[in-house]
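Chain by chain, the residues:
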Amino acid sequence: MSDMPPSKDTLSNLLAEDRRFPPPSGLAAEANVTASAYAEAASDRIAFWEEQARRLDWGRPWTSALEWDPPFAKWFNGGLLNVAVNAVDRHVDAGHGDQVAIHWEGEPGDTRTITYAQLKDEVCKAANALVELGVRAGDRVMIYLPMIPEAVFAMLACARLGAPHSVVFGGFSAEALRNRIEDARARILITADGGFRRGKPNALKPAADEAAEGTGIERVLVVRRTGEAVPFTEGRDVWWHDVVDRQPSAHTPEYFDAEQPLFILYTSGTTAKPKGILHTSGGYLTQAAYTHHAVFDLKPDTDVYWCAADIGWVTGHTYIVYGPLANRATQVMYEGTPDTPHRGRFWEIIQKYKVTLLYTAPTTIRTFMKWGDDIPAKFDLSSLRLLGSVGEPINPEAWIWYRDTIGGGRTPVVDTWWQTETGAIMISPLPGVTAAKPGSAQVALPGIAADVVDGDGVPVPDGGGGYLVLTEPWPSMLRGIWGDPERYADTYWSRFAEQGFYFAGDGAKKDGDGDLWLLGRVDDVMNVSGHRISTTEVESALVSNPQVAEAAVVGATDPTTGQGIVAFVILRGGTADKGPELAAELREHVAREIGPIAKPRQILVVPELPKTRSGKIMRRLLRDVAENRSLGDVTTLQDSSVMDLIAAKLPTSKED
Ligand code: WTA
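Asks: Any chance you could break down the environment of V85 for me, citing the residues and the numbers?
Replies: Positionally, V85 belongs in helix α4 (residues 83–96). By relative accessible area, V85 is classed as buried at 8%. Distance in space between the C-alpha atoms of V85 and W58 is 9.8 Å, their sequence separation being 27 residues.

Below, the structure written as structure tokens:
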């Protein structure tokens with residue numbers, strides 16, 4: 001354990017990890033981006049981003065690269081471009097019309113193959129249809145769709161028209177959709193009868209109707225996916241196949257200002273009303289395309305890329321739609337869940353399409369660990385050459401499992417840190433450059449400036465922990481919170497106002513080499529006898545025990561230590577719950593890995609953990625359980641029965 005004195009404003013740096021994985025030599029020799037990019041960007045950050053912006057087709061070049069009136073930025077001002085043309089038309093014009101853009105796999109097993117030429121036709125037809133329905137540049141269009149190709153067509157059609165879209169995850173309720181419709185003041189909603197999930201049709205239209213009722217929504221464009229009967233409001237609702245299919249496949253694109261709003265994506269804060277995170281066009285697309293090229297090392301002629309996120313999250317926006325398509329990727333898009341019809345579905349898809357690059361979340365990786373190694377072992381995963389992770393800190397053991405069991409021990413793993421607000425990846429290894437450390441996002445990408453500071457905004461030395469900040473503006477940064485500039489300034493820029501830093505809300509540490517380790521949201525930090533301990537480190541220590549697949553820890557009020565650590569663990573497939581013996585073993589294990597200070601006071605073996613719909617653990621609810629309180633707001637919980645399962649475990653598993 002560390003000898004660091006307890007400090008009020010920094011995080012203790014406890015867990016040490018010294019395994020290293022240098023890039024495979026073949027990948028390093030052919031890598032899209034080499035080590036020189038760091039020096040190049042450091043010598044002139046703005047010129048570096050201008051060079052990246054030239055990856056795009058501009059109708060007119062920008063007159064200034066960055067206008068920075070903190071905290072308001074304009075990138076590539078004066079430039080004109082059309083985002084959809086950059087994602088689609090230009091590839092067709094360059095002779096790649098026959099290249100597959102999307103291999104779509106429906107959950108029931110139906111498939112669609114969409115070339116870039118077909119994608120262009122579909123986007124143009126959808127754009128023409130939206131114009132017929134009254135959409136003009138600047139109008140907000142709500143999209144509430146399952147993972148079907150029309151979601152991509154709809155987003156790109158909006159982009160083509162300069163009409164910002166706001167995609168709402170199909171798993172959100174009518175109430176959530178309604179709040180977002182009202183906040184965005186949208187007049188058009190694009191939805192579907194439903195989608196397939198866990199082997200069944202999952203209706204969307206009834207929720208869309210309930211949400212639209214009494215709002216400003218004038219027209220609803222409905223995709224037929226499941227074929228189930230749905231309510232239909234004459235005069236307001238129209239079928240996609242009636243309106244879009246009869247449109248001409250030619251559409252003359254208009255060029256828009258680099259700062260034209262591209263989308264609003266709502267993030268649910270823990271309590272307050274959702275924040276409409278606003279992204280614009282030129283800077284966003286520049287960083288989306290550059291980071292996708294650099295971090296995934298995409299070779300458009302040979303790679304098959306798969307980002308297994310939902311289009312309703314920022315990961316789907318940037319790394320299914322805008323980044324990959326701007327880079328002319330061939331990609332897989334999958335409608336359903338990883339366990340339908342069997343727990344090997346992901347690996348079957350990888351085998352079928354010979355996927356080379358896979359991007360998914362730690363929560364999914366840990367679920368696969370829990371299901372057992374024998375499932376992926378049944379499939380040929382030898383096409384994979386790179387694996388990515390996003391959404392949460394990835395525990396070193398999950399990282400190693402991902403590399404070994406899925407990547408056959410050959411593939412680099414890139415742990416990518418970013419947020420809805422940052423728009424694109426900010427901190428990540430470069431697969432052909434970085435000697436990877438399991439569990440570390442490592443360094444800011446070329447052109448990005450990040451640091452870890454103490455409560456006064458002073459950078460912590462190597463080996464120290466504190467708050468992760470971004471110290472310079474970046475092209476894909478959020479431009480604001482829709483309709484609320486004050487909340488924008490207050491939420492992100494007030495904590496370190498004096499220094500002008502963007503505060504991300506995450507804790508982080510620098511190791512002895514200055515590499516960055518994300519430690520989770522600062523609201524989750526525990527304080528045990530004056531030591532500020534990150535939940536992530538204790539969780540990673542627990543997951544490093546071979547019996548544990550997943551862990552969530554929280555600090556519960558403790559009369560002697562201030563807070564005591566309570567751990568909720570899910571066991572790996574095939575591991576028996578030995579009761580108190582197991583708990584004692586795990587407590588000893590944590591003491592060995594981190595130090596006695598981090599030893600959980602209590603360990604509960606649970607079948608599931610409460611997660612948000614994007615897979616993040618809701619520690620707030622676990623704190624309620626640990627402190628025997630009634631549960632707070634559970635509306636963002638993915639599966640509300642989980643809390644009953646956990647509560648049922650309580651009386652028998654008390655320690656000490
Ligand atoms: C967390 C997802 C550690 C972090 C793109 C961040 C991560 C929040 C990582 C944003 C990572 C995301 N390591 N933590 N590689 N990636 N996070 O807006 O707490 O859904 O602030 O964007 O996820 O989540 P969001």
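Asks: For the pairing of strand β10 (residues 200–203), give the residues involved together with the corresponding values.
Replies: As judged from the four bridges shared by strand β9 (residues 194–197) and β10, these two strands associate in the antiparallel manner. Looking across to β10, one finds that R197 is bridged to K200. Hairpin connection, β9 to β10: the antiparallel pair is bridged by two residues, and R198 has positive phi, about 50°.

Asks: Got a sec to walk through the pattern of salt bridges? Specific residues and values, please.
Replies: Note that side chains of opposite charge can pair when their charged atoms are close. For the coordinates displayed, the defined rule picks out 42 salt bridges. The residue E132 makes a salt bridge to R246 at a minimum N-O spacing of 2.7 Å. Placement of E132 in helix α5 (residues 116–132) and of R246 in the loop between α9 (240–243) and β13 (256–257) is noted, with a sequence separation of 114 residues between them. When its relative accessible area of 52% is taken as the criterion, R246 is described as exposed. Two residues, K437 and D515, come together in a salt bridge whose shortest N-O distance is 2.5 Å. On the criterion of sequence distance, the pair formed by K437 in the loop between β20 (413–415) and β21 (450–453) and D515 in the loop between β24 (502–510) and β25 (516–521) is long-range, its members being 78 residues apart.

Asks: How would you sum up the domain arrangement of the chain? Please name residues and give values.
Replies: With domains assigned, the chain is organised as domain 1 (1–82 + 273–523), domain 2 (116–254) and domain 3 (545–653). Measuring from the centre of the C-alpha atoms in domain 1 to the corresponding centre in domain 3 gives 28 Å. Contact between domain 1 and domain 3 buries roughly 1400 Å² in total, counting both sides, with carbon and sulfur atoms accounting for 53%. Our enumeration of links across domain 1 and domain 3 arrives at two salt bridges. Ionic pairing is found between K370 and E608, a salt bridge with its closest N-O pair at 3.2 Å. Of all the elements, helix α13 (residues 362–371) adds the most residues to the side of domain 1 that touches domain 3, at four residues. Across the side of domain 1 that touches domain 3, the residue classes break down as six nonpolar, two polar and four charged.

Asks: Explain the site of the ligand to me, and be specific about the residues and the numbers.
Replies: Surveying the vicinity of the ligand reveals 16 residues, the closest of which are D415, T416, Q419, T420 and D506. Within the side chain of D415, one N or O atom sits 2.7 Å away from a nitrogen atom of the ligand. Here the ligand loses 90% of its free accessible area of 530 Å² to cover by the protein chains. The set of elements that each furnish at least two residues to the shell around the ligand consists of α11 (314–326) and β25. Here the shell around the ligand is composed, by residue class, of six nonpolar, five polar and five charged.

Asks: Describe helix α6 (residues 149–161), and please don't skip the residues or the numbers.
Replies: The end-to-end C-alpha distance of α6 is 19 Å, a good match for the 18 Å that 13 residues give at a rise of 1.5 Å each. Where burial is concerned, most of α6 is hidden: 13 out of the 13 residues are buried. Residue G162 follows α6 closely and has a positive phi angle near 70°.

Asks: Tell me about the packing of aromatic side chains, residues and numbers included.
Replies: Within the structure shown, the criterion is met by 37 aromatic pairs. Relative to W62, the ring of W58 has its centre 5.0 Å away and its plane inclined at 70°; by these criteria the two rings are edge-to-face. W58 gets classed as buried once you look at its relative accessible area, which sits at 18%. Site record: aromatic cluster; members linked through ring pairs are W68, F72, W474, Y488, Y492, W493 and Y502.

Asks: Describe the side chain of S440, naming the residues involved and giving the relevant values.
Replies: With respect to the element layout, S440 can be found in the loop between β20 and β21. Looking at S440, the relative accessible area reads 1%, which means it is buried. A polar atom in the side chain of S440 sits 2.9 Å from the backbone nitrogen of Q442. Of note is the side chain of S440, whose polar atom sits 2.6 Å from the backbone oxygen of L516. Sequence-distant contacts of S440, that is, excluding residues within four places in its chain, are made with D415, P429, D515, L516 and W517.

Scoring rules and cut-offs
- Residues numbered from 1 in each chain as written.
- Predicted model: local features only at pLDDT ≥ 70, side-chain atom pairs only at ≥ 80, totals over all residues.
- Heavy atoms only, no water.
- Helix = DSSP H or I, 4+ residues; strand = E, 2+ residues; numbered from the N terminus.
- Buried < 20%, exposed > 50% of the residue type's maximum accessible area, 1.4 Å probe, protein only.
- Pairing = 2+ DSSP bridges.
- Salt bridge = Lys/Arg side-chain N within 4 Å of Asp/Glu carboxyl O.
- Domains from an automatic or database assignment.
- Buried area = accessible area lost by both parts, 1.4 Å probe.
- Nonpolar A, V, L, I, M, F, W, Y, C, P; charged D, E, K, R; others polar.
- Near = heavy atom within 4 Å.
- Polar contact = N/O pair within 3.5 Å; in protein donor to acceptor, adjacent residues only side chain to side chain.
- Areas by Shrake-Rupley, 256 points an atom, 1.4 Å probe, with all protein chains shown as cover.
- Expected span 1.5 Å × (residues − 1).
- Phe/Tyr/Trp six-rings, centres within 6.5 Å; stacked < 30°, edge-to-face > 60°.
- Contact = heavy atoms within 4.5 Å.

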